[in-house]
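Here are the chains, one letter per residue:
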Amino acid sequence: MLFHKYHALGNDYIVIDPAEWPESSPPDAAAIRAICHRNFGVGSDGILWGPFPTEHTPYGLRIFNPDGSEAEKSGNGLRIFARYLWDTHQPESATLPISTLGGEVVATVHDGAARVTVDMGRVTFQSPKIPVTGPDREVINETLTAGDQEFTFCAASIGNPHCVVPLPEISADLAHRYGAAIENHPLFPQRINLQFLQVIDRRRIRIEIWERGAGYTLASGSSSSAAAAVAHRLGLVDDQLTVEMPGGEIEITIDPDYAVQLTGSVNRVADGTIDADLFTFPRLP
Ligand SMILES: N[C@@H](CCC[C@H](N)C(=O)O)C(=O)O
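Residues numbered from 1 in each chain as written. Predicted model: local features only at pLDDT ≥ 70, side-chain atom pairs only at ≥ 80, totals over all residues. Heavy atoms only, no water.

(A) Local environment of the UniProt feature "binding site: substrate" (unreviewed entry) in the chain. According to UniProt, the "binding site: substrate" (unreviewed entry) feature falls on Asn 11, Asn 65, Gly 75, Asn 76, Asn 160, Asn 193, Glu 211, Arg 212, Gly 221 and Ser 222. Relative to the helices and strands, Asn 65 resides in the loop between β4 (60–64) and β5 (70–71). Under the relative-accessibility criterion, Asn 65 is labelled buried at 5%. If we skip the residues at most four places from it in the chain, Asn 65 touches Ile 32, Ala 71, Arg 212 and Gly 213. The buried category is assigned to Asn 76, whose relative accessible area is 0%. Those residues in contact with Asn 76 that lie beyond four places of it in its chain are Ala 8, Asn 11, Ala 219, Ser 220, Gly 221 and Ile 250. A polar atom in the side chain of Asn 76 sits 3.0 Å from the side chain of Asn 11. (UniProt positions renumbered as here; feature names shortened; annotations may be inferred. Helix = DSSP H or I, 4+ residues; strand = E, 2+ residues; numbered from the N terminus. Buried < 20%, exposed > 50% of the residue type's maximum accessible area, 1.4 Å probe, protein only. Contact = heavy atoms within 4.5 Å. Polar contact = N/O pair within 3.5 Å; in protein donor to acceptor, adjacent residues only side chain to side chain.)

(B) Structural context of the domain arrangement of the chain. The domain architecture assigned to the chain consists of domain 1 (2–119 + 267–277) and domain 2 (124–257). If you look at the interface, domain 1 gives 18 residues, while domain 2 gives 22 residues. Of the roughly 1300 Å² buried between domain 1 and domain 2 on both sides combined, carbon and sulfur atoms contribute 44%. Per-residue buried area on domain 1 facing domain 2 is highest for Leu 9, Glu 72 and Lys 73; these three make up 41% of the total on that side. Across the domain 1-domain 2 interface, the total number found is 8 residue pairs in polar contact (both at pLDDT 80 or more). Looking at the side of domain 1 that touches domain 2, the elements with two or more residues in it are β2 (11–16) and α2 (75–88). If you tally residues by element for the side of domain 1 that touches domain 2, the top one is α2, at 3 residues. A breakdown of the residues in the side of domain 1 that touches domain 2 according to their chemical character gives 5 nonpolar, 7 polar and 6 charged. (Domains from an automatic or database assignment. Buried area = accessible area lost by both parts, 1.4 Å probe. Nonpolar A, V, L, I, M, F, W, Y, C, P; charged D, E, K, R; others polar.)

(C) Highlighting the nonpolar core. Counting residues in each nonpolar core, the largest one holds 54 residues, and the members touching the most others are Ile 98, Ile 205 and Ile 252. The residues that make up this core include at least three from each of domain 1 (2–119 + 267–277) and domain 2 (124–257). Contacts of Ile 252, omitting those with residues within four sequence positions, involve Ser 224, Ser 225, Ala 228, Asp 239, Gln 240, Leu 241, Val 243, Val 260, Gln 261 and Leu 262. Listed in part, the 21 residues of the second largest apolar core include Ile 130, Ile 170, Leu 174 and Phe 188. (Core = buried A, V, L, I, M, F, W, Y, C linked by side-chain atoms within 4.5 Å.)

(D) Representation of the site of the ligand within the structure. The ligand sits among 15 residues. The nearest are Gly 75, Glu 211, Arg 212, Gly 221 and Ser 222. The contact in question runs from an oxygen atom of the ligand to an N or O atom on the side chain of Asn 160, over 2.9 Å. Within the backbone of Gly 221, one N or O atom sits 2.6 Å away from an oxygen atom of the ligand. Contact with the protein chains removes 100% of the 370 Å² of surface that the ligand exposes when unbound. Breaking the shell around the ligand down by element, the ones donating at least two residues are β2, α2 and α4 (221–233). (Near = heavy atom within 4 Å. Areas by Shrake-Rupley, 256 points an atom, 1.4 Å probe, with all protein chains shown as cover.)

(E) Just the pattern of salt bridges, in detail. For the structure on display, the rule yields 19 salt bridges. The partner of Asp 173 in a salt bridge is Arg 177, with the nearest N and O atoms 2.4 Å apart. Of this pair, Asp 173 and Arg 177 both sit in helix α3 (residues 172–183), separated by 4 residues, roughly a single helical turn. Residue Arg 177 is classed as exposed on the basis of its relative accessible area of 53%. Taking the shortest distance from any N to any O, the salt bridge between Arg 268 and Asp 271 comes out at 2.9 Å. Judged by its relative accessible area of 39%, Arg 268 is partly exposed. (Salt bridge = Lys/Arg side-chain N within 4 Å of Asp/Glu carboxyl O.)

(F) The arrangement of the packing of aromatic side chains in detail. Taken as a whole and judged by the stated rule, the model has 6 aromatic pairs. Ring geometry for Phe 153 against Phe 188: centres 5.9 Å apart, planes inclined by 85°, an arrangement best described as edge-to-face. Pair noted here: Phe 153 is in strand β10 (residues 149–157) and Phe 188 is in the loop between α3 and β12 (193–201), with a separation of 35 residues, a long-range link. A relative accessible area of 0% places Phe 153 in the buried class. Take Phe 188: its relative accessible area is 3%, and that puts it in the buried class. Of note, Arg 233 hangs over the ring of Phe 125, and the distance from its end group to the ring centre comes to 5.9 Å. (Phe/Tyr/Trp six-rings, centres within 6.5 Å; stacked < 30°, edge-to-face > 60°. Lys NZ or Arg CZ within 6 Å of the ring centre and 35° of its normal.)

Next comes the structure, spelled out in structure tokens:
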């Protein structure tokens, strides 16, 4: 059972290639939780299962969170997967069409594979598409209560769902304190990824992230895309900007139709073998 570990700005993923796995289906939720566990497993912010052939591309990808749930899209997961394909599958072109549950995207590997760009698709703020409960509307500057605090938020989807909370100052502590309550808020029937957003200037924002199914992470590509698109929609930033996260920086371009392109580094960490003994531990905390 081979695995390949990469990180994109500290957002780490394990690639499991179906061609190297003993079963034809991906590991089940319990096995995913064990593999991703930071103490009892290999440790990662998720699992990338692919490539497998689809109707439109040889590069099908399924993305799993460390709690065993499946995500529609992941910006850093896609960038890592493109780098994995480049490292191991000898693709004819550095531009790779990849199919996810959240739609088809195109990734481009460049700078000797040190950096990867992904055309993430279009951001929508429309409630049924995210989804957010209540009437059909753009979810801009609404309020929610989490624990002891009321927040003004915007919601967006770029294939997967995001809640963006703009504030004058942000901290990792905010994400840790309110992340789980907002992820599981009744407004969001499929749960949600959360970003606290601080606008530095018209070309730079900072975010702190709480990911659905993963918790606090050092970086997130779809979160960067959603937060940048919200900041642009609110008129606070230009259409080209840098997103600062605890793990590093991503460059974003936003088209007039809110199609988002993101670029940043990807690093290869390790190739290894998962031992069957990992799955025998009776109960993970
Ligand atoms: N780290 C990712 C997002 C992964 C999926 C997310 N947790 C979800 O459930 O939607 C990224 O880089 O976009």
